Amino acid sequence: MAVSLEHPYPDPDDAGHWLRGNLHTHTTRSDGKRDPQTVIDDYAARGYHFLMISDHDVLTAPADYAAWDSRGMLLIPGNEISARGPHLLHVGASRRIDPFPQRQEALNAARNDPGSFLIAAHPNWQEAFDHTTIAQLREWTGYAGLEIYNGVISRLPGSPYATNKWDMLLAQGRRVWGYANDDSHRDVDVEQGWNVVWVAQRTAEAVVESLRTGRFYASTGVTIDRIEVRGSRIRVAASNAHRIAAMGAFGKRVAQVDAPELEVDAESFPDHRYIRFELWGVGERQAWTQPFFITT
Ligand SMILES: [Zn+2]
Ligand SMILES: [Zn+2]
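What this report covers is the structure whose coordinates are included nearby.

Procedures and definitions
Residues numbered from 1 in each chain as written. Chains lettered and ligands numbered in written order. Predicted model: local features only at pLDDT ≥ 70, side-chain atom pairs only at ≥ 80, totals over all residues. Heavy atoms only, no water. Helix = DSSP H or I, 4+ residues; strand = E, 2+ residues; numbered from the N terminus. Buried < 20%, exposed > 50% of the residue type's maximum accessible area, 1.4 Å probe, protein only. Areas by Shrake-Rupley, 256 points an atom, 1.4 Å probe, with all protein chains shown as cover. Lys, Arg positive; Asp, Glu negative; His and termini not counted. Charge placed at Lys NZ, Arg CZ, Asp CG, Glu CD. Donors = N, O, S within 2.8 Å, 3.2 Å for Na, K, Ca; no water. Tetrahedral: all angles 85-135°; square planar, octahedral: opposite > 155°, others 65-115°. Core = buried A, V, L, I, M, F, W, Y, C linked by side-chain atoms within 4.5 Å. Contact = heavy atoms within 4.5 Å. Pairing = 2+ DSSP bridges. Axes fitted to C-alpha atoms, helices over the stretch in contact; angles between N-to-C directions. Salt bridge = Lys/Arg side-chain N within 4 Å of Asp/Glu carboxyl O. Polar contact = N/O pair within 3.5 Å; in protein donor to acceptor, adjacent residues only side chain to side chain.

**So, the overall build of the protein**
Inference 1: Within the protein one finds six helices and 19 strands.
Inference 2: Dimensions of the protein, computed from the C-alpha atoms along their principal axes, are close to 55 × 40 × 35 Å.
Inference 3: Within the protein, the proportion of its 296 residues that are buried is 58%.
Inference 4: Accessible surface, the protein as shown: approximately 11800 Å² in total, 48% of it carbon and sulfur.
Inference 5: The average position of the 30 basic charges and that of the 38 acidic charges among the side chains of the protein differ by 2 Å.

**Considerations on the coordination of the zinc ion (ligand 2)**
Inference 1: Coordination of the zinc ion (ligand 2) by the protein comes from His24 (NE2), His26 (NE2), Glu80 (OE) and Asp183 (OD), over a distance range of 2.0 to 2.2 Å.
Inference 2: Geometry at the zinc ion (ligand 2) is irregular, judged from the four donor atoms that bind it and their angles of 79 to 164° at the metal.
Inference 3: In the primary structure, the donors to the zinc ion (ligand 2) are separated according to the pattern H-x1-H-x53-E-x102-D.
Inference 4: In this structure, the zinc ion (ligand 2) is positioned 3.3 Å from the zinc ion (ligand 1), and both are ligated by glutamate 80.

**Focus: the nonpolar core**
Inference 1: Of all hydrophobic cores here, the largest spans 87 residues; its most connected members are Phe277 and Leu279.
Inference 2: For this core, the element with the highest residue contribution is helix α6 (residues 204–212), accounting for five residues.
Inference 3: Setting aside residues up to four positions removed in sequence, leucine 279 forms contacts with Val222, Ile224, Val236, Ala238, Ala241, Arg243, Ile244, Arg285, Gln286 and Ala287.

**A closer look at the sheet that holds strand β13 (residues 233–237)**
Backbone-to-backbone hydrogen bonds pair the strands of a sheet. The strands run either parallel or antiparallel.
Inference 1: What the three strands build is an open sheet, ordered β12-β13-β16; its pairing is antiparallel. Each edge of the sheet is formed by a strand with only one pairing partner; in this case those strands are β12 (226–230) and β16 (261–265). Strand after strand, the sheet turns through a mean of 10° between neighbouring axes, direction not considered.
Inference 2: Inspection of the sheet shows β13 paired to β16 by five bridges, in the antiparallel sense. By the bridge assignment, alanine 237 is partnered in β16 with glutamate 261.

**Brief notes about α6**
Inference 1: Residues Ala204, Ala206, Val207, Val208, Ser210 and Leu211 constitute the buried set of α6.
Inference 2: Directly beyond the C-terminal end of α6, a positive phi value near 85° is found at glycine 214.

**Focus on the coordination of the zinc ion (ligand 1)**
Inference 1: Around the zinc ion (ligand 1), the protein supplies Glu80 (OE), His87 (ND1) and His122 (NE2) as donor atoms, at distances of 2.1 to 2.2 Å.
Inference 2: In terms of primary sequence, the donors binding the zinc ion (ligand 1) are separated according to E-x6-H-x34-H.

**Considerations on the pattern of salt bridges**
Inference 1: Summed over all chains, the structure comprises 20 salt bridges.
Inference 2: In this structure, arginine 175 engages glutamate 6 in a salt bridge whose closest nitrogen and oxygen atoms are separated by 2.7 Å. Here arginine 175 is found in the loop between α5 (163–171) and β9 (177–181), whereas its partner glutamate 6 is found in strand β1 (residues 4–6), with 169 residues between them in sequence.
Inference 3: On the basis of relative accessibility, which here comes to 43%, the residue arginine 175 falls in the partly exposed class.
Inference 4: Note on glutamate 6: relative accessible area 38%, which makes it partly exposed.
Inference 5: Across the salt bridge formed by arginine 20 and glutamate 191, the nearest N and O atoms sit 3.2 Å from each other. Residue arginine 20 is found in strand β2 (residues 17–22), and its partner glutamate 191 is found in the loop between β9 and β10 (194–199); the two are separated by 171 residues along the sequence.
Inference 6: Through salt bridges that share partners, Arg20, Arg34, Asp42, Arg46 and Glu191 make up one connected network.

**A few points about the side chain of asparagine 150**
Inference 1: Assignment of secondary structure puts asparagine 150 in strand β8 (residues 145–150).
Inference 2: On the basis of relative accessibility, which here comes to 0%, the residue asparagine 150 falls in the buried class.
Inference 3: Looking at asparagine 150, its side chain comes within polar contact range of the side chain of glutamate 147, at 2.7 Å.
Inference 4: The residues touching asparagine 150, leaving out its near neighbours within four places in the chain, are His24, His122, Pro160, Asn181, Asp182 and Asp183.

**Quick look at the environment of serine 54**
Inference 1: With respect to the secondary-structure elements, serine 54 resides in the loop between β3 (50–52) and α2 (62–65).
Inference 2: Residue serine 54 is classed as buried on the basis of its relative accessible area, which comes to 0%.
Inference 3: Among all residues touching serine 54, those that are not within four sequence positions of it are Leu23, His24, Thr25, His26, Gly78, Asn79, Glu80 and Leu89.

**Here's the deal with the sheet that holds strand β5 (residues 78–81)**
Inference 1: Across the sheet, which stays open at both edges, the five strands sit in the order β5-β6-β7-β8-β9 with mixed pairing between neighbours. Only two strands of the sheet have a single neighbouring strand rather than two, namely β5 and β9. Neighbour to neighbour, the strand axes of the sheet diverge by 30° on average, direction disregarded.
Inference 2: Pairing between β5 and strand β6 (residues 88–91): four bridges, direction antiparallel. When the bridges of β6 are listed, glutamate 80 appears paired with leucine 89.
Inference 3: Together, β5, β6 and β7 (117–120) form the strand contacts of helix α3 (residues 103–111), whose direction differs from that of β7 by roughly 150°.
Inference 4: This element, α6, spans β6, β7 and β9 of the sheet and lies at about 125° to β9.

Bear in mind that shape data such as this cannot, by itself, settle questions of function.
Quick look at the structure:
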């Protein structure tokens, strides 16, 4: 049976830029230890291309950013909807959304803020790994994805990773993206997880749109050099990866190599709704592609 693939990535030869950035950053405007300019300076010095300050229930708007020196980075307006429920990042926000205890109301409100979108933050934070439950993620509609990696949870109870919940949603047919962010509150939290986004033009609006539509991969240190799709074949290459695996429904590994390149043919996995790739480098460094949806 012939299968076809739907996926968010550009043709490798399309003219554009891959930009690296973090969407989850706290400052002294909420519970972060450092003032906004110090935080901006730190990320810029590390070569980041974009940054979103996401203080708890405090919107950082373009007018706020205008008071600081961007150091050449694209600065994305946003906040973290935090009080009274599971945390949600509001990316590309033009206004603050109230932390409605019924989070679906916040999700509905974001629909009225065109171009913006919401990400479920650190789903596996806390002792029962249930800051956001799979039941909530299944019930909610209108969010773009979840943090499959959140750096600050490395020093808090729970897991920084949430690919388990991602695979459960994807296997159910939900089209949600996986994001990696620092959630930095202090200097030690910086440069743990980031997103590498493809844009045709270097603007904050283009970055937000590519993040909303899945034109990015998530990383904690592995750099993907090439993502190539030809018919039903997908090739992923990363020179600093030691292992690459292709995951199908519910996270089942359908292919794996200890090499910096893996090519699979989705024809071989017609009973999986999707294939996604995980890459490992030295230490705990990883990268995650977005899913390639298989349709028959
Ligand atoms: Zn949070
Ligand atoms: Zn946070």
